[in-house]
Every structure is written in structure tokens, then in C-alpha cells.
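# Results of the structural survey
Take a look at the letters that make up each chain.
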Amino acid sequence: MEERPESELISIPATPEILTPSGQRSPRPPSKEAKSWTPTSFISPRFLSPIGTPMKRVLVNMKGYLEEVGHLTKLNPQDAWLPITESRNGNAHYAAFHNLNAGVGFQALLLPVAFAFLGWSWGILSLTIAYIWQMYTLWILVQLHEAVPGKRYNRYVELAQAAFGGQTRERLGLWLAVFPTVYLSAGTATALILIGGETMKLFFQIVCGPTCTSNPLTTVEWYLVFTTLCIVLSQLPNLNSIAGLSLIGAITAITYSTMVWVLSVSQQRPPTISYEPLSLPSSTASLFSVLNALGIVAFAFRGHNLVLEIQSTMPSTFKHPAHVPMWKGAKVAYFFIAMCLFPVAIGGFWAYGNLMPSGGILNALYGFHSHDISRGLLAMTFLLVVFSCLSSFQIYSMPVFDSFEASYTSRTNRPCSIWVRSGFRVFYGFVNFFIGVALPFLSSLAGLLGGITLPVTFAYPCFMWILIKKPTKYSFNWYFNWILGWLGIAFSLAFTIGGIWSMVNSGLKLKFFKPS
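Computed from a predicted structure; not experimentally measured.

### Side note on the overall build of the protein
The helix and strand inventory of the protein stands at 17 helices and two strands. Looking at the protein as a whole, 49% of its 516 residues qualify as buried. Considering only intrachain contacts with a sequence separation of at least 6, the fraction spanning at least 24 residues in the protein is 83%. Just so you have it, the protein exposes about 24,700 Å², and 66% of that area is on carbon and sulfur atoms.

Shown next, in the form of C-alpha cells:
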């Protein structure tokens, strides 16, 4: 290690001495500067005797090592074998790519559907409040990653287990977090297979044209094609290795989101358009429809279950803690996420009003303007959606891959071979394909799924802040986080009920094993 000059050594100032009235020497109380301590503050020039030049060199090198290693985190050797923590060379750019890829996706295209039930005022207000709320909980998660000295919470479930479980309820935190986070990972992957396969089918129809004589693939076959592509890309070993894919996913998501609303507002609006919220026969029906719409808004903000995983890919020292580049990257990412969500919601509702189909703005664009817009532009839009879904599948599947491999390495006490790792990922891909074929209506349940998974984004972080940071009881911080947390739980229950009611009321046909 390179030798550092002695002038850089950090030392505790010498304690001056004064005479007491009895003539004895008495040490003066230490100054405020002397009270601060760092792991290198004990290395002082006063201790570097001229006799011990080799010792001096050892101490200087130790100081440099401590400054580089920093937090003296207790490292788990198993982390070096797992895909989330295998590589720790991430940075703010990687954080921005991953957060953008996770935060912008097909759920944004459903926001105009929520506006059709909420109207202009409540739609914009609910979207704005949800955005600010989730930015606050995002900041909480970034800060809690290393809230306990000597410990990095590398996964959302680990943080939940530490906050909610404690010593007497070890499994409580695990069960509170496992179901919503597993759905956000595996359930989103299944929905991406459904949307990606259906979009590939539409892309083929547009490119082939109305006079196409070729024998097209069935919907299930398109699902299989998309799943195969996902499995091939999933062979990249760890989270940092898919940073390039996340960049492609982020660029394609921003591009198709912009193209969809620009193409929509540039066309002539339907003559029967109306901006009044959809009227329903009873006040009860209207209430549940509004709750379902708010669930769609909540579902638009996803990705918090991946925040700690993304941050764990970064190195962290005393001089350069991981939360600094993570927060920089997250702020950039969520600026662009806002630039996607708000124009899609507002532009889509302006273009189609309450005529918006339940499938979202992409279906509206194809249904109302497939003959008005060039086939090339439509085909490019659908192709960008496919690329975005392929990239999103990788980052949402990574926590599941990590869980598979953690179970294997804990049992065998050795890292996964390339064949075992590939086998896990092929198995996972086809399990999601089978679920997608069995439950082809899964992507239509945005309101219900938004209610079920809402606590991960809006409620749990507030509770975890209180339980880990322990703010002063009855202080503003204490009240604020308790209120936000319980509001999130209440909204989750209400939106889930609204989603179930909307599913029953709309007569959703649950055609198992019958993709349309």
C-alpha cells in the first residue's frame, strides 16, 4: 500500500496542563474538538517514536487501510457468492439506470384509466401526492441501508426482518415483507411476459399488414418466444452486470412513454369525448371505482423493493458512504420518471377522456388511430415496449435469483456453479410462463395488485424508520411517520377491496389456461 505523508495523520490534540491552587498539575478538560473520534484518530505523531520507523510505517499503512475500508462492516462470506452482492463496483450512474428501469414500465400506461374515474382535479392531486410520498419513503430506504453501525441491509426483506422482527419475533418481519416483495418480483415478471408476448403479437400484425398471408403464431406461442428471450438475457451473472440492460430499458421506456402521449395528443380527439368522471348506477359503485382507480395510481410507483438491492452493489467507506451516490442516482431517475408518468396520465386523458379503454393508452392509440398514424411509428412504439419489458424482467427477477442461490449456498456451503445458476433461471422463467398461461388475466388487475403491494412503497419504510432510528417519542418526526405508515396500511386495505369489487362488477372473465 502506498505510504501516506505524516502530515495527513489525524490526531487528538494534546491535553494541556494547568496548576491547581495546591501547586499540583491538573489536566485541563478536553476541548470539543478532542471529543470527536474516528477509527484513525488514535494514530498520532506523538506515538510515532523515532526509534520505531518500521512501526511508524505500519501505523501509517493501517490508517490508509482504515480510511479505505471505512465502516468495518461485518462481511458475510456468502454475499460474495450471491448475484445481488457479488459485485460491489456500482456508482451513481448504475443507480440511475436501475431505478429508471424499475420505475418506468407498463403500469404508467394505465394511469389515464385512473383519470377516467377520478377526473382532472382528483387525478392530478392523487398522482402528485403519491409521487411526493414515495420520494420520501425512497429517501428513508436509502438512509436505512447502513443505519446500524457495522451492518449493511442488502435486501428489503433483511431490513424488514431487522425492524419488525427483533429478538422475540424473528419471523414476523420476514412474513410481513415476503408476500408483497415476492409478488412485486415474481408477479411483475409474469405480467411482463403477458404484456411482452401480446405486444410482440401486435408488432407482428402491424409489420405484416392487413394483407399478410403468413401463418401467425398463437398468443401462447408469443408468450413462449418472449420467455425464451428473457431466459437468454437472464444468464448475466449479477445485478451490476445488467447495468447496460437497465440503461437500454430506461431509454426505451422514456422513448415509448413520450411517443405514446405525443402521438395521442397530436391526433384529432374522438367527437364524443367527455372529461366527466365515469358515472355509475350507485354511490357505492362509484366509491369502489374511485378506490380501484387510486390503486392504479399506487401501482404506478414500483421499484422500492429493489432500492436496497441496488444500493448494496456500491462500495461504502467512511469517506464515501454508499447513500451519497445512491441518492444522486435516484434523484435523477425519479425526475425522469415524473417526466414520463405525468405527461402520459394528463396527455392520455386529454386525448381520450373517459373513452379510455381498460387496457390503457397503448390500446387506445391502436384502437382509435391505427389508420391515422404510419405503420412505421406504431411498429417502433410497440417494439420499444418489448425491449423495455425484456429489460425490466431482468431487474425484477434478480431478487428471486438471489433467494434461490442463497438457499443453495447455505445448504452446500459453496457457490453455485454456472450450470446450477443457469438451471435455476431457466426453471424460474418457465414457471412464470406457466403461471402466465394459467392466469392470462393477471395483467388486468392493476388496481387490486396496487392495493396489495402498496405497503412496500408507502407504509413499511415509515414504520422501519421509527423502529430503527427511534426518533424522540411524541416528536413531529415520530407522529409524522406513524401517521403516514397507518395511512398507507388503510389505503392498502381500501384499494384492495376496491380492486376486488371492480373485478367482480366489470364481469372480468377468469379464463384459466385460455389466453385470448
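### Things to note about the packing of aromatic side chains
For the structure shown, the criterion picks out 31 aromatic pairs. Seen in terms of ring centroids, tyrosine 131 and phenylalanine 342 are 6.1 Å apart; in terms of plane orientation they differ by 80 degrees. Their pairing is edge-to-face. Of the two residues, tyrosine 131 is situated in helix α4 (residues 111–144) and phenylalanine 342 in helix α11 (residues 323–352); the sequence distance between them amounts to 211 residues. Neither tyrosine 131 nor phenylalanine 342 differs from the other in exposure class; each is buried. A centroid spacing of 6.2 Å and a plane angle of 65 degrees characterise the contact between tryptophan 133 and phenylalanine 491, whose relative ring orientation is edge-to-face. Taken together, the residues tryptophan 133 in helix α4 and phenylalanine 491 in helix α17 (residues 476–505) connect sequence positions 358 residues apart.

### Some thoughts on the packing of helix α7 (residues 219–233) against helix α13 (residues 375–412)
Helix-helix packing is described using two parameters, namely the angle between the two axes and the distance between the axes. Running from N to C, α7 and α13 cross one another at 50 degrees; their axes reach a closest spacing of 9 Å. The orientation of α7 with respect to α13, classified from their angle, is oblique. Viewed along their axes, α7 and α13 form a crossing whose handedness is right-handed. The residues of α13 that touch α7, namely those facing Phe226, Leu229, Cys230 and Leu233, are Val386, Cys389, Leu390, Phe393 and Gln394. Its residues assigned to classes, the contact of α7 with α13 comprises eight nonpolar, one polar and no charged.

### Quick notes on the environment of glycine 353
Within the secondary structure layout, glycine 353 lies in the loop between α11 and α12 (361–369). Under the relative-accessibility criterion, glycine 353 is labelled buried at 0%. Once the C-alpha coordinates of glycine 353 and proline 112 are considered, the two residues, 241 residues apart in sequence, prove to be 8.1 Å apart. Residue contacts for glycine 353: discarding those within four places in its chain leaves Ala116, Ile273, Ser274, Tyr275 and Gly348.

### Here's the deal with the environment of serine 410
Tracing the sequence through the fold places serine 410 in helix α13. Sequence separation between serine 410 and glutamine 78 is 332 residues, and the spatial gap between their C-alpha atoms is 7.8 Å. A polar contact is formed between the side chain of serine 410 and the backbone oxygen of serine 407, at a distance of 2.9 Å.

### Description of the side chain of histidine 98
Mapped onto the elements, histidine 98 comes out in helix α3 (residues 92–103). Judged by relative accessible area, which is 0%, histidine 98 ranks as buried. Looking at histidine 98, its side chain comes within polar contact range of the main-chain oxygen of leucine 239, at 3.5 Å. Not counting the four nearest positions on each side in its chain, histidine 98 is found in contact with Leu239, Ile242, Ala243, Ser246, Ile310 and Ile395.

### Remarks on the nonpolar core
Grouped together as the largest cluster of nonpolar side chains are 125 residues, with contacts concentrated most on Leu127, Leu159, Phe226, Val297, Phe301, Ile395 and Met464. Of all the elements, α4 adds the most residues to this core, at 16 residues. If we skip the residues at most four places from it in the chain, valine 297 touches Leu111, Ala114, Leu118, Ser126, Leu127 and Ala130.

### Considerations on the packing of α3 against helix α8 (residues 243–266)
Look at α3 against α8: their axes get within 8 Å of each other, and the N-to-C directions meet at 50 degrees. Accordingly, the angle class assigned to the pair α3 and α8 is oblique. Relative to α8, the crossing made by α3 is left-handed. Only Ala243, Ser246, Leu247, Gly249, Ala250 and Ile254 of α8 make contact with α3, whose side of the interface consists of Tyr94, Phe97, His98, Leu100 and Asn101. When the residues that make up the contact of α3 with α8 are grouped by side-chain class, the tally is seven nonpolar, four polar and no charged.

### What about the pattern of salt bridges?
Scanning the entire structure with this criterion turns up seven salt bridges. Between arginine 155 and aspartate 79 there is a salt bridge, with its nearest N and O atoms 3.7 Å apart. You can see arginine 155 sitting in the loop between α4 and α5 (156–165) and its partner aspartate 79 sitting in the loop between α2 (53–69) and α3, a full 76 residues away along the chain. Judged on exposure class, the residue arginine 155 and its partner aspartate 79 are both buried. Arginine 421 is paired through a salt bridge with glutamate 405; the nearest N and O atoms lie 2.9 Å apart. With arginine 421 in helix α14 (residues 418–438) and glutamate 405 in helix α13, this residue pair connects regions lying 16 residues apart in the sequence. Taken together, the shared-partner salt bridges connect Asp79, Arg155, Glu158 and Asp402 into one network.

What counts as what
- Residues numbered from 1 in each chain as written.
- Predicted model: local features only at pLDDT ≥ 70, side-chain atom pairs only at ≥ 80, totals over all residues.
- Heavy atoms only, no water.
- Helix = DSSP H or I, 4+ residues; strand = E, 2+ residues; numbered from the N terminus.
- Buried < 20%, exposed > 50% of the residue type's maximum accessible area, 1.4 Å probe, protein only.
- Contact = heavy atoms within 4.5 Å.
- Areas by Shrake-Rupley, 256 points an atom, 1.4 Å probe, with all protein chains shown as cover.
- Phe/Tyr/Trp six-rings, centres within 6.5 Å; stacked < 30°, edge-to-face > 60°.
- Axes fitted to C-alpha atoms, helices over the stretch in contact; angles between N-to-C directions.
- Parallel < 35°, antiparallel > 145°, perpendicular 65-115°, else oblique.
- Left-handed = near helix turned anticlockwise from the far one by under 90°.
- Nonpolar A, V, L, I, M, F, W, Y, C, P; charged D, E, K, R; others polar.
- Polar contact = N/O pair within 3.5 Å; in protein donor to acceptor, adjacent residues only side chain to side chain.
- Core = buried A, V, L, I, M, F, W, Y, C linked by side-chain atoms within 4.5 Å.
- Salt bridge = Lys/Arg side-chain N within 4 Å of Asp/Glu carboxyl O.

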